[in-house]
Amino acid sequence: MGTVTSQTSAKRFAPDRIAILGGGPGGYEAAMVAADAGAEVTIVEEKGMGGSAVLTDVVPSKTLIATADAMRRVNASTAFGVRFGEHSSDKYETEAWADFSKVNQRLMKLAHSQSRDIHASVEAAGVRIIAGHGRLVAPTNIEVTTEAGETTVLEADAVIIATGAHPRELGSAKPDGERILNWTQAYNLTEVPEHMIVVGSGVTGAEFASAYRRLGADVTLVSSRDQVLPGEDSDAASVLENSFARAGVKVASRSRAESVERTENGVKVTLTDGRVLDGSHCLMAVGGIPNTENIGLEEAGVETTESGHIRVDTVSRTTAAGVYAAGDCTGMMPLASVAAMQGRIAVAHMQGEAVKPLQLHRVASNVFTSPEIATVGVTQAQVDSGKYQTDVVKLDLATNPRAKMMNIREGFVKIFSRKGSGTVIGAVVVAPRASELIFPLALAVTHKLHVDDVAGTFTVYPSLSGSLSEAARRLHLHVAEPNQS
Ligand SMILES: Cc1cc2nc3c(=O)[nH]c(=O)nc-3n(C[C@H](O)[C@H](O)[C@H](O)COP(=O)(O)OP(=O)(O)OC[C@H]3O[C@@H](n4cnc5c(N)ncnc54)[C@H](O)[C@@H]3O)c2cc1C
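What counts and what doesn't
- Each residue is numbered by its place in its chain's sequence as written, counting from 1.
- Predicted model: local features are reported for residues with pLDDT of at least 70 only, side-chain atom pairs are reported and counted for 80 or more only, and whole-chain, interface and lining totals are derived from all residues.
- Side-chain numbers here rest on the full set of heavy atoms in the structure, without hydrogens or water.
- Strands here are runs of E lasting at least two residues and helices are runs of H or I lasting at least four, both read from the DSSP assignment and numbered beginning at the N terminus.
- Any two residues having at least one pair of non-hydrogen atoms within 4.5 Å are treated as being in contact.
- Here, a salt bridge means any Lys or Arg side-chain nitrogen found within 4 Å of an Asp or Glu carboxyl oxygen.
- A pair of Phe, Tyr and Trp rings is counted when the ring centres sit within 6.5 Å of each other, with Trp represented by its six-membered ring. The angle between the planes then sorts it: under 30 degrees is stacked, over 60 is edge-to-face, the rest tilted.
- Residue exposure (1.4 Å probe, protein chains only): buried if accessible area is under 20% of the type maximum, exposed if over 50%, otherwise partly exposed.
- We define a nonpolar core as any set of buried Ala, Val, Leu, Ile, Met, Phe, Trp, Tyr and Cys residues linked to one another through side-chain atoms lying within 4.5 Å.
- Polar contacts here mean pairs of N or O atoms no more than 3.5 Å apart (in protein, one a potential hydrogen donor and the other a potential acceptor; neighbouring residues in sequence count only if both atoms are side-chain atoms).
- In this description, strands pair whenever DSSP reports at least two bridges between them.
- Between N-to-C directions, angles cover 0 to 180 degrees, with each direction set by a line fitted to C-alpha atoms, over the stretch in contact for helices.
- What sets the label is the angle itself: under 35 degrees gives roughly parallel, over 145 gives roughly antiparallel, 65 to 115 gives roughly perpendicular, and the rest give oblique.
- Note on convention: the crossing is left-handed when the near helix lies turned anticlockwise from the far helix by less than a right angle, right-handed when the turn is clockwise.
- Following the grouping adopted for this structure description, the nonpolar residues are Ala, Val, Leu, Ile, Met, Phe, Trp, Tyr, Cys and Pro, the charged ones are Asp, Glu, Lys and Arg, and the polar ones are all others, Gly among them.

Looking now at the side chain of S469. Assignment of secondary structure puts S469 in helix α14 (residues 466-480). Ignoring any residue separated from it by four or fewer positions in sequence, one finds S469 in contact with V454, A455, T457 and T459.

Below, the structure is given as structure tokens:
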């Protein structure tokens, strides 16, 4: 499909009735915006509002990671002079341990209460929520089957499909929910796994490997590539690999899992190179499959790609008139923030509002490992391929005074500016809470700020963000003296 470049779409049919299939971030954000604009909105959701994002993916995993981070900080606190136990005792009890049933209870409670909050605010906005399974029966009509088996047809003027994705399974490594797990089943454990083998070194695999290690498990990460996080900045991946090595995460690189079987007390993972790994549990993190089967797409004229994703353009239109799609079912970029943006864009477009098409190069994203890796804009790989002519400054955090106070020894800030103009076009931050530090650089990329704008903005002294402005200041030299290497 062609890219839509116009900023404004003509008033075309401004639908009164909008039906949304799926109540995750792609669906519920669209519903809120559409209801706010006065449309009659209905969401069909079969599992719970908030979707997988809230119930099984983002919220539980990031809550688990928050506990892992608390453990890391407690265990690292002796370096700050913190002691536990009797004041005068020279025996220090410094080893923290995770009460896993409490940890998991907490995160499930949080996920369900977040789902209820979303349900309540969506309903309060005037959106009708129908619990049931939906499928398109005409381009803009949805047939809903409730849990009780009753069927109704919902007629609408426009539809948004936001059905998300589910974990990919390998035939020879079927999750059983006890020892062989996918990420939706990882929260049933009542004890820290003795030895977790994580298959897949993408974002999900790396995050779980990092978290389980910090929580006290032995961890082996099976990675098919030379380096973990193959899609991320390779300097950042290298920092993470070093951090994994120091923390004791074993990485079986350049190897794929051929099969995973249960043994009497655990699991046996056989790799394609013949090696066999024994562990207590195995977490499969080998990607997601879009929920696009048997929901009437073909009959409605909604095209899918070879991978099963719904084909959409940058204003969320599918190939069928009046049918939009948002989120993981489109395969644009599997992030909750992108799903929500696609949903909002769909509503703006169908209502003839000014539309800013989705621009993936502006998406700020984060890998919640320890340390975190946050990125926005142009990547090092794109620069290396010659796609962009840039100046680059990479500044290690080790020299930052706040980092020293916080005992942060790894991590960096990297900023890319366009050669000649000095506009900030990309950045990578590797640090604890990099997810919070990336925002000023995302602002800079989105609003095409000059490196001097970043360098000239006050930062708190001492602060990690001081390194953001320092990196920009160093880039100024490249802009001012273009012949600098
Ligand atoms: C472990 C993990 C961690 C992640 N962490 C992050 C993170 O930190 N930050 C981030 O931005 N992203 C993260 N993601 C990605 C994020 O979860 C997804 O991008 C996001 O959930 C996509 O939202 P969505 O609305 O497309 O789909 P979903 O959240 O999957 O919601 C889709 C909803 O549609 C419903 N549905 C499907 N089919 C039907 C049907 N036929 N009838 C009725 N209802 C239906 C489902 O029940 C589901 O509730 C993570 C993903 C994983 C796997």
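Next comes the rest of the account.
This part is about the pattern of salt bridges. For the structure shown, the criterion picks out 22 salt bridges. Linking E470 and R473 is a salt bridge whose minimum nitrogen-to-oxygen distance equals 2.9 Å. One end of the pair, E470, and the other, R473, are both in helix α14, three residues apart, so they sit about a helical turn from each other. If you follow the salt bridges from partner to partner, you end up with D69, R72, R73 and R433 in one network.

Inspection of every chain in the model, using the stated rule, returns two aromatic pairs. Between the aromatic rings of F100 and Y212, the centroid separation amounts to 6.4 Å while the plane-to-plane angle is 40 degrees, which identifies the pairing as tilted. Of this pair, F100 sits in helix α4 (residues 100-124) while Y212 sits in helix α5 (residues 203-214), and the two are 112 residues apart along the sequence. Taking relative accessible area as the criterion, F100 reaches 1% and is therefore assigned buried. Overall, the relative accessible area of 0% leaves Y212 in the buried class.

So, on to the environment of R418. Looking at the secondary structure, you find R418 in strand β22 (residues 412-418). The spacing of R418 and V378 is 40 residues in sequence and 9.9 Å in space, taken between C-alpha atoms. Here R418 is in contact with Y388, Q389, T423 and I425, once residues within four sequence places are set aside.

This brings us to the nonpolar core. Ranked by size, the top nonpolar core spans 42 residues in total, and within it L64, F100, F208, Y212, L229 and L283 carry the most contacts. Elements that contribute at least two residues to this core include exactly α3 (58-76), α4, β10 (195-199), α5, β11 (218-222), α6 (234-247), β22 and β23 (424-431). When residues no more than four places from it in sequence are discounted, the contact partners of Y212 are F100, A186, L189, P193, M196, A217, V219 and L283. Of all hydrophobic cores here, the second largest spans 28 residues; its members include V413, V429, A434 and L437.

With that out of the way, let us pick up unusual backbone geometry. Cis geometry is adopted by the peptide bond preceding P371, which originates at S370 and carries an omega value of 5 degrees. Mapped onto the elements of the fold, P371 is located in the loop between β19 (365-367) and β20 (372-377). Here the bond from Y461 into P462 is cis, since omega is -10 degrees, no more than 30 degrees from zero. Here the phi dihedral of N294 falls at roughly 55 degrees; this positive angle occurs in a residue that is not glycine. Inspection of the secondary structure puts N294 in the loop between β17 (288-290) and α7 (297-300). Taking the relative accessible area as the measure of exposure, N294 reaches 63% and is therefore exposed. For N407, which is not a glycine, the phi torsion comes out positive at approximately 60 degrees. Take N407: it is sitting in the loop between α10 (401-405) and β22.

Mapped onto the fold, S61 is located in helix α3. One polar contact links the side chain of S61 to the main-chain carbonyl oxygen of V58, over a distance of 3.2 Å. Excluding residues within four positions of it along the chain, S61 makes contact with Y187 and F208.

Right, let's get into the sheet that holds strand β4 (residues 133-138). In space, the three strands of this open sheet follow the order β4-β5-β6, with antiparallel pairing throughout. A strand with exactly one partner marks an edge of an open sheet, and here the two such strands are β4 and β6 (151-155). Neighbour to neighbour, the strand axes of the sheet diverge by 30 degrees on average, direction disregarded. Bridge count for β4 against strand β5 (residues 141-145) is five bridges, and the pairing is antiparallel. The residue bridging H133 from the neighbouring strand is T145, located in β5.

Right, let's talk about the sheet that holds β19 for a bit. Strand order across the open sheet formed by five strands is β19-β20-β23-β22-β21, with antiparallel pairing between neighbours. Whereas interior strands pair on both sides, the edge strands pair on one side only; in this sheet they are β19 and β21 (390-396). The mean angle between the axes of side-by-side strands here comes to 10 degrees, regardless of whether they run parallel or antiparallel. Pairing between β19 and β20: three bridges, direction antiparallel. By the bridge assignment, N366 is partnered in β20 with A374.

The next thing to look at is the pairing of strand β16 (residues 281-284). In β16, alternate side chains face the same way, and those of H281 and L283 on one face and C282 and M284 on the other are all buried. Note that strand β9 (residues 180-182) and β16 share three bridges and pair parallel. Looking at β16, one finds that L181 is bridged to L283. Relative to β16, β10 is paired through four bridges, and the arrangement is parallel.

Packing of α3 against α4 brings their axes to within 9 Å, and their N-to-C directions diverge by 140 degrees. Compared by their axis directions, α3 and α4 come out oblique. As α3 runs across α4, the sense of the crossing is right-handed. Residues V59, P60, T63, L64 and T67 of α3 touch α4, and the partners they reach there are F100, V103, N104, R106, L107, L110, A111 and Q114. Of the residues that constitute the contact of α3 with α4, the class distribution is eight nonpolar, four polar and one charged.

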